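# Structural overview
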Amino acid sequence: MVKPRLGQHFLIDSSVAQREVTYAGITKNDVVLEIGPGKGIITFLLAEKAKQVIAIEIDKHLVEQLRTSIPENVTLICQDALSVDFQSIPRFTKIVSNLPFEISSPLMFKFLQSTFSIAVLIFQKDFAERLVAVPGTKDYSRLTVGVSYKARCRILETVPRNCFSPQPKVDSSIVELILHKKPMFKVEDEQFFFELTKQLFNHRRKKIRYTIKSIYGNLEQLPYLEKRVEELTPEQIGELSNLLYHYV
Ligand code: SAM
């Protein structure tokens, strides 16, 4: 039985699965992480190309079904991917997944805390557009800032909704994420930077002066106080974070 609350929209077009796996350029040296293998349409292709596949699936019925047929080089973990400590599983080199929409955002932040060379991921189209948005647009968000700080992100193709069953209400996109060797710009304290970004986007229509004052009091010496966060580049938010970090 399909469980919509788990974002179960299974890929039924094998050519899309083939292309997703091809984009990741997997070789026999790769250990690939897959979140939500479902019925395994992507998992089996990954297993043919990779040294090992680590597949984390929350639905125990799907896991039981998969266990009867998966190749030996697939390690199946039946758990909520958000609660898995990525340090406790074999070190993976790539991530390839068709992700459950409901947890796309927390998973993305979790991926950004880990190490890999490339991730090729299927997201709902509007979520994918938020990942690559530019300042000054409605899609520009804390997600965009967090992603561009750590990685280069691009949309590779649109996947029509009729490639999934049950059919979702919207189309999806295949997204490529390549981690920068070093973050795109220097921040003094990552946690402080991410928290400040979150606070600023919680008041995205207010001037930066308002948000800073409500949390830290009057700090007139900072730049960008008359702007709104949606007007600042990720690097400018980093600059603000570094200055503020020294004042507070
Ligand atoms: N990979 C399969 C495919 O392409 O057909 C299934 C993709 S479906 C969009 C998302 C999958 O993620 C489902 O199998 C669902 O049960 C699983 N899932 C949902 N929430 C999860 C979580 N928190 N941790 C691990 N798997 C999850």
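Just so we're clear, the structure is a prediction, and the values are computed from it rather than from any experiment.

What counts and what doesn't
- Residues numbered from 1 in each chain as written.
- Predicted model: local features only at pLDDT ≥ 70, side-chain atom pairs only at ≥ 80, totals over all residues.
- Heavy atoms only, no water.
- Helix = DSSP H or I, 4+ residues; strand = E, 2+ residues; numbered from the N terminus.
- Contact = heavy atoms within 4.5 Å.
- Phe/Tyr/Trp six-rings, centres within 6.5 Å; stacked < 30°, edge-to-face > 60°.
- Buried < 20%, exposed > 50% of the residue type's maximum accessible area, 1.4 Å probe, protein only.
- Lys NZ or Arg CZ within 6 Å of the ring centre and 35° of its normal.
- Salt bridge = Lys/Arg side-chain N within 4 Å of Asp/Glu carboxyl O.
- Domains from an automatic or database assignment.
- Buried area = accessible area lost by both parts, 1.4 Å probe.
- Nonpolar A, V, L, I, M, F, W, Y, C, P; charged D, E, K, R; others polar.
- Pairing = 2+ DSSP bridges.
- Axes fitted to C-alpha atoms, helices over the stretch in contact; angles between N-to-C directions.

Moving on, we come to the environment of Ala81. Looking at the element boundaries, Ala81 is found in the loop between strand 4 (74-78) and strand 5 (94-98). Separated by 54 residues in sequence, Ala81 and Pro135 place their C-alpha atoms 31 Å apart. Apart from the residues within four sequence positions on either side, Ala81 is in contact with Ile35, Ile56, Phe86, Leu107 and Lys110.

Our next topic: the packing of aromatic side chains. With the rule as written, the count across this model stands at 12 aromatic pairs. Their ring planes at 85 degrees and their centres at 5.8 Å tell us that Phe185 and Phe193 sit as a pair that is edge-to-face. The two residues Phe185 and Phe193 agree in class, both being buried. Consider the rings of Phe192 and Tyr245, whose centres lie 5.3 Å apart with planes at 65 degrees: the pair is edge-to-face. Residue Phe192 is found in helix 7 (residues 190-202), and its partner Tyr245 is found in helix 9 (residues 234-247); the two are separated by 53 residues along the sequence. Its relative accessible area of 31% is what places Tyr245 among the partly exposed residues. Site record: aromatic cluster; members linked through ring pairs are Phe109, Tyr149, Phe185, Phe193 and Phe194. Taking NZ or CZ as reference, Lys110 lies 4.6 Å from the ring centre of Phe86, over its face. Directly above the aromatic system of Tyr210 lies the positively charged group of Lys206, at a separation of 4.6 Å from the ring centroid.

Let us look at the pattern of salt bridges. Under the counting rule described, the total for this entry stands at 13 salt bridges. Here Lys150 ties to Glu190 by a salt bridge, and the two come within 3.6 Å at their closest N and O atoms. With Lys150 in helix 6 (residues 142-150) and Glu190 in helix 7, this residue pair connects regions lying 40 residues apart in the sequence. For Glu190, a relative accessible area of 27% puts it in the partly exposed group. Glu226 is the salt-bridge partner of Lys207, the closest N and O atoms lying 3.2 Å from each other. Highlighted residues: Lys207 in the loop between helix 7 and helix 8 (208-216) and Glu226 in the loop between helix 8 and helix 9, separated in sequence by 19 residues. Taking the relative accessible area as the measure of exposure, Lys207 reaches 35% and is therefore partly exposed. Taken together, the shared-partner salt bridges in this structure form one network comprising Lys207, Arg209, Glu220 and Glu226.

Looking now at the domain arrangement of the protein chain. What the domain assignment lists for the protein chain is domain 1 (4-179) and domain 2 (190-247). Relative to domain 2, the C-alpha centre of domain 1 lies at a distance of 32 Å. Of the residues lining the interface, 13 residues belong to domain 1; the matching set on domain 2 comes to 14 residues. Across the domain 1/domain 2 interface, buried area totals approximately 1100 Å², and carbon plus sulfur atoms make up 66% of it. Our count for the domain 1 to domain 2 interface comes out at one salt bridge. Class assignment of the residues belonging to the side of domain 1 that touches domain 2 gives a composition of four nonpolar, six polar and three charged.

Pairing in this open sheet of seven strands is mixed, and the strands run 4-3-2-5-6-9-7 from one edge to the other. Looking at strand neighbours, the two that pair on one side only are strand 4 and strand 7 (151-159), the edges of this open sheet. Shown here is a sheet whose adjacent strand axes are inclined to one another by a mean of 20 degrees, direction ignored. In this sheet, strand 4 lies alongside strand 3 (residues 52-57) in parallel orientation, the contact comprising five bridges. Across the sheet, Ala55 pairs through a bridge with Leu76, a residue of strand 4. Sitting on the sheet, helix 4 (residues 104-112) is in contact with strand 2 (31-35), strand 5, strand 6 (118-124), strand 7 and strand 9 (172-179), with an inclination near 170 degrees to strand 6. Those strands touched by helix 6 are strand 7 and strand 9, and its axis lies near 115 degrees from that of strand 7.

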